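As a plain string of letters, each chain reads:
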Amino acid sequence: TGTVTVSTTAPGGSITAGSGAVTIAGADANILGPISSTTSVSFAPTQANRPINLGTNTAGSFSLTDAELDEATAATINVGNANSGTITISAPIDRTAGSTTAINLTAGTNNNIAFSGSGSFDAKNGNLTLVTNSSGTGSITSGTASADLLGATVSLTAGSGGSGASGNPLVVSATNLDAITGGNA
């Protein structure tokens, strides 16, 4: 239930998994060194319904900054799972130029994925998938950034709360867009 720290300031301060999947789980994460896998790197809180903040270190949340996410190199990066709380993107997150890493953000049933303020997610040439569980009430909501989501293919699965809001639409820039919204739960 404590903070997981990955650091390169001490011997063995990186994780290199080859084709093995890497999972970083805890109450919070402090990523100070590289994490690599040719398959996947996953980040998730160990406590059910614990909120996740991407962009800003926030007390009481499993937080990852843009710099911490940049330490992860894999074909797929997963953030959250079916037991996670609301995911807030509170500051711009952008992958390195030319990145083709697939990014999956998953909030638990009845929890939201919310872009706040200038928060945005740019997957560059990678696919970006946001899931709140279509059978719940979760929603995917917009902040004030000129584009909330950027990627090759952007896939959105929201509950009955839907995607975007009247007067504040979710702004997506992608080659392909897939969107599913559940019925009233």
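Relevant structure appears above.
Residues numbered from 1 in each chain as written. Predicted model: local features only at pLDDT ≥ 70, side-chain atom pairs only at ≥ 80, totals over all residues. Heavy atoms only, no water.

Visitor: What exactly am I supposed to notice about the environment of Thr56 here?
Guide: Secondary-structure assignment places Thr56 in the loop between β7 (52-54) and β8 (62-64). The spacing of Thr56 and Gly119 is 63 residues in sequence and 9.8 Å in space, taken between C-alpha atoms. In this structure Thr56 touches Ser63, Leu64, Ser90 and Ala91, once residues within four positions along its chain are discounted. (Helix = DSSP H or I, 4+ residues; strand = E, 2+ residues; numbered from the N terminus. Contact = heavy atoms within 4.5 Å.)

Visitor: How should I be thinking about unusual backbone geometry in this particular structure?
Guide: Even without a glycine there, the phi angle at Asn110 is positive, about 70°. Positionally, Asn110 belongs in the loop between β13 (102-106) and β14 (113-115). By relative accessible area, Asn110 is classed as partly exposed at 43%. (Buried < 20%, exposed > 50% of the residue type's maximum accessible area, 1.4 Å probe, protein only.)

Visitor: Please explain the pattern of salt bridges as it appears in this structure.
Guide: A side chain with one charge can pair with a side chain of the opposite charge if their charged atoms come near. Going through the model one piece at a time under the given rule, you end up with 2 salt bridges. Of the charged contacts, one joins Asp70 and Arg95 as a salt bridge, the two residues approaching to 3.9 Å between their closest N and O atoms. Of this pair, Asp70 sits in helix α1 (residues 66-70) while Arg95 is found in the loop between β12 (93-94) and β13, placing the two residues 25 residues apart along the sequence. Residue class for Asp70 comes out partly exposed when judged on its relative accessible area of 30%. With a shortest N-O distance of 3.1 Å, Asp122 and Lys124 are connected by a salt bridge. Of the residues examined, Asp122 reaches a relative accessible area of 18% and is grouped as buried. Taking the relative accessible area as the measure of exposure, Lys124 reaches 26% and is therefore partly exposed. (Salt bridge = Lys/Arg side-chain N within 4 Å of Asp/Glu carboxyl O.)

Visitor: What's the story with the nonpolar core in this structure? I'm lost.
Guide: When a protein is soluble and globular, its nonpolar side chains tend to lie buried together. Within the largest apolar cluster, 34 residues are counted, with the highest numbers of intra-cluster contacts made by Phe43, Leu54, Leu105, Phe121, Leu130 and Leu149. It is strand β18 (residues 149-158) that contributes the most residues to this core, 4 residues altogether. Filtering out sequence-adjacent residues up to four positions away, Leu105 remains in contact with Leu54, Val79, Ile87, Ile89, Ile113, Phe121, Thr129, Leu130 and Val131. (Core = buried A, V, L, I, M, F, W, Y, C linked by side-chain atoms within 4.5 Å.)

Visitor: Could you clarify how one ought to interpret the sheet that holds strand β9 (residues 72-73) in this entry?
Guide: Strand pairs in the sheet, formed through backbone hydrogen bonds, run parallel or antiparallel to each other. The strand order across the open sheet formed by 3 strands is β2-β5-β9, and the pairing between neighbours is parallel. Of all strands in the sheet, those with a lone pairing partner are β2 (15-16) and β9, marking the two edges. Two strands pair when backbone bridges link them, and strand β5 (residues 35-36) and β9 are joined in this way by 2 bridges, in the parallel orientation. Residue pairing across strands places Ser36 opposite Thr73, the latter belonging to β9. (Pairing = 2+ DSSP bridges.)

Visitor: In this structure, what is going on with the sheet that holds strand β19 (residues 162-163)? I would like to understand it.
Guide: Spatial ordering of the open sheet is given by β8-β7-β11-β14-β17-β19, a layout of 6 strands whose pairing is parallel. Taken across any chain shown, the strands that pair with only one partner, and hence form the sheet edges, are β8 and β19.

Visitor: I'm lost on the side chain of Asn111 in this one. Help?
Guide: Summarising the element assignment, Asn111 is placed in the loop between β13 and β14. The class for Asn111 is buried, based on a relative accessible area of 13%. With residues up to four places along the chain from it excluded, the contact list for Asn111 reads Asn49, Ser84, Gly85, Thr86, Thr132, Gly138 and Ser139.

Visitor: Which parts of the structure should I look at to understand the environment of Ser142?
Guide: Inspection of the secondary structure assignment puts Ser142 in the loop between β17 (139-141) and β18. Setting aside residues up to four positions removed in sequence, Ser142 forms contacts with Phe115, Asp148, Asn168, Pro169 and Leu170.

Visitor: Which parts of the structure should I look at to understand the pairing of strand β16 (residues 128-131)?
Guide: Within a regular strand, side chains alternate between the sheet's two faces. Here β16 shows one buried face, formed by Leu128 and Leu130, and one open face, formed by Thr129 and Val131. Pairing geometry for β13 and β16, over 4 bridges, is parallel. Across the sheet, Leu105 pairs through a bridge with Leu130, a residue of β16. The pairing of β16 with β18 spans 4 bridges and is parallel. Across the sheet, residue Val131 finds its bridge partner in β18, namely Thr157.

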